[in-house]
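# Commentary on secondary and tertiary structure
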Amino acid sequence: MRWHRRPIQRGLWLLCGLLLSQLTWATTPVSLQLRWLHQFQFAGYYAAIHKGFYAQEGLEVTLKQGGVGIEPVTEVLSGRAQFGVSNAGLIADYLNGRSVLMLAPIFQHSPNVLLVRGDVATPAELADAGPIALMGGDQDIDLKAMFVNEGIPLQRLAFTEAGGHLDDLVNGKVKAIHAYLSNEPFELELRGVPYSVLKPQTYGMDFYSDVLFTEQDYAKAHPEVVAAFRRASFRGWQYALQHSDEIITLIEQHYNSQGKTRAHLQFEASIIKKLIQPELIELGHSNIGRWQFIANTFVSFGLAPANKKLEPFFYQPDKNRDWALLYPYLLVSAVVLLLLASVVWYIHRINRRLRLALQQQSVVETRLRESELRYRVFFETAPSAGLVWTEGFVVTDWNHRAEEMFGWKRSQVIGRNFFEFLIPESVKSQLQPELEGLLQRNIRPHAINEVQTEDGRVIVCEWFNDWLPDVPGKGYEVISLAIDITQRLQIEQALQRSERRYRMLTRCATSPAVQGGEG
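What you see is a predicted model; the values in this text were computed from it and never measured. (Residues numbered from 1 in each chain as written. Predicted model: local features only at pLDDT ≥ 70, side-chain atom pairs only at ≥ 80, totals over all residues. Heavy atoms only, no water.)

With that out of the way, let us pick up the pairing of strand β15 (residues 478–484). Of the strand pairs in this sheet, strand β11 (residues 385–390) and β15 are connected by 5 bridges, and their pairing is antiparallel. The residue of β15 that forms the bridge with Gly 386 is Leu 481. Bridging between strand β14 (residues 458–467) and β15 involves 7 bridges; their strand directions are antiparallel. Paired with Phe 464 across the bridge in β15 is Leu 481. (Pairing = 2+ DSSP bridges. Helix = DSSP H or I, 4+ residues; strand = E, 2+ residues; numbered from the N terminus.)

Turning our attention to the packing of helix α2 (residues 43–50) against helix α11 (residues 223–242). Direction vectors running N to C along α2 and α11 enclose 105 degrees, while the axes themselves pass 7 Å from each other. Taken together, the axes of α2 and α11 lie roughly perpendicular to each other. The residues of α11 that touch α2, namely those facing Ala 43, Gly 44, Tyr 45, Ala 47 and Ala 48, are Ala 232, Ser 233, Gly 236, Trp 237, Tyr 239 and Ala 240. (Axes fitted to C-alpha atoms, helices over the stretch in contact; angles between N-to-C directions. Parallel < 35°, antiparallel > 145°, perpendicular 65-115°, else oblique. Contact = heavy atoms within 4.5 Å.)

Once their charged atoms are close, side chains differing in charge can pair, the charge on each being opposite to the other. Enumeration over the complete set of coordinates arrives at 19 salt bridges. We note a salt bridge from Arg 80 to Glu 75, for which the minimum N-O separation is 3.0 Å. Since its relative accessible area comes to 13%, Glu 75 is described here as buried. Measuring nitrogen to oxygen at the nearest pair gives 3.1 Å for the salt bridge that ties Asp 167 to Arg 191. Separated by 24 residues along the polypeptide, Asp 167 in helix α8 (residues 166–170) and Arg 191 in helix α9 (residues 184–191) bring together distant segments of the chain. Residue classification places Asp 167 among the partly exposed residues on the basis of a relative accessible area of 38%. (Salt bridge = Lys/Arg side-chain N within 4 Å of Asp/Glu carboxyl O. Buried < 20%, exposed > 50% of the residue type's maximum accessible area, 1.4 Å probe, protein only.)

Both the distance between ring centres and the angle between the ring planes are used here to describe each pair of aromatic rings. Within this structure, the stated rule accounts for 23 aromatic pairs. Relative to Tyr 239, the ring of Phe 53 has its centre 6.2 Å away and its plane inclined at 70 degrees; by these criteria the two rings are edge-to-face. With a gap of 186 residues between them, Phe 53 in helix α3 (residues 53–56) and Tyr 239 in helix α11 connect regions that are remote in the sequence. Note on Phe 406 and Trp 463: the rings are 6.2 Å apart at their centroids and 15 degrees apart in plane angle, and the pair reads as stacked. Placement of Phe 406 in helix α17 (residues 400–406) and of Trp 463 in strand β14 is noted, with a sequence separation of 57 residues between them. (Phe/Tyr/Trp six-rings, centres within 6.5 Å; stacked < 30°, edge-to-face > 60°.)

The strand order across the open sheet formed by 5 strands is β2-β1-β3-β10-β4, and the pairing between neighbours is mixed. Edge positions in the sheet fall to β2 (59–64) and β4 (100–107), since each of these pairs with one other strand and no more. This sheet shows a mean twist of 25 degrees between the axes of neighbouring strands, independent of strand direction. When strand β3 (residues 83–86) meets strand β10 (residues 209–215), the two strands line up antiparallel, connected through 4 bridges. Residue pairing for β10: Val 85 is matched across the bridge by Leu 212.

What follows is the structure in structure tokens.
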């Protein structure tokens, strides 16, 4: 009798729920190794603990404060911590064979900068100005690469290690120091010391920072713990960015090991929010093109081997997640014989749907590969200069015609923000809101604007923009095609000038004064 089936199933599941409610599941203890001493840089993790986000995922999290001589990667690989916070150098650890798994970059842009005493506008001006204090090892590769990108050999620079750090800069012992944009500038402002800031991202070195990671074997053995920790950490960061004053009070009460003032923490919070860009970019978003660019930078400095696949470096959030969550329920159902038939039926139904989904996915992937091949042929043979870009105006593709028209090779621009090298300063303020609107998918701007080439020329291009079809895991991408209309505009302007002269001569020839003179 079919009309009895659903009530029976509902009753069985209700019984299962009552049994499960009587069970007490133990929380899983894990620890997170921070990069440095407690400060707003780690606000999201404080929020996840005190707002109960970790506890809701069944986790008991201990935060391990960083400091001099504490290396997060070493702590995680040794098992003294299950998770850590590193910088973009994590990719070099992976390339050198260390078993790290990148979970998410929290900061879309690195706060690592050079603070220069006085008015110094460019790396070239700083090159011969005096000693430059950097951290040892490979921790300041983005700062060194900034000089290399500007054609300044590292042998020309006077690198040193500043024991006094900020005091060495103030006292004139060094001309520049490595610093965090969210920290040392506040101290210089308080002291009234004039300074300049040189940002690597201004010169093509736009690295990620504060990268959340774990160990690969741990992730394989405990996929549900890794997924839960990542989810709760994201919730913590979202809360901290939306309630910064509340979290600053929390830091003052529980985590202010450096004795920072509230004003200092507020300054730090405002800078970090700009580095994360939560209004524009999804929290934890990671672009494989940018990571490849960062990896190539470490390879170029001889700090990592080349030609190693990056795919194992990236965390796959959906892998093994759903089935692992079913294990406790299957154990309970094995004890309760009355539930066995319902559980088997349920699993059979899910498997059938999964097989159908896999078959459909295979068809979609085949069509996607064919579409990608057609796109590649069209893109590379197009008569227009073409570039593909994504959030943050980061270039992900660049065709042969773009190399000819603009001068930069594809390998020079992949992973870079094209606003930094292609768009003249005179039109940036006009173009930025239009292109940001394009990423919002509410406009398709057709534009005519000036473009600067690698050899310093300024040309005028007509642009046609549209979105590429969505690809899971890649985010929105925009294709922009450009036609050089500089010569056409010059001809049109010359023609307009000629027409104006012709009309002037015509008016003069037919004016009364001229006619009277002829009589």
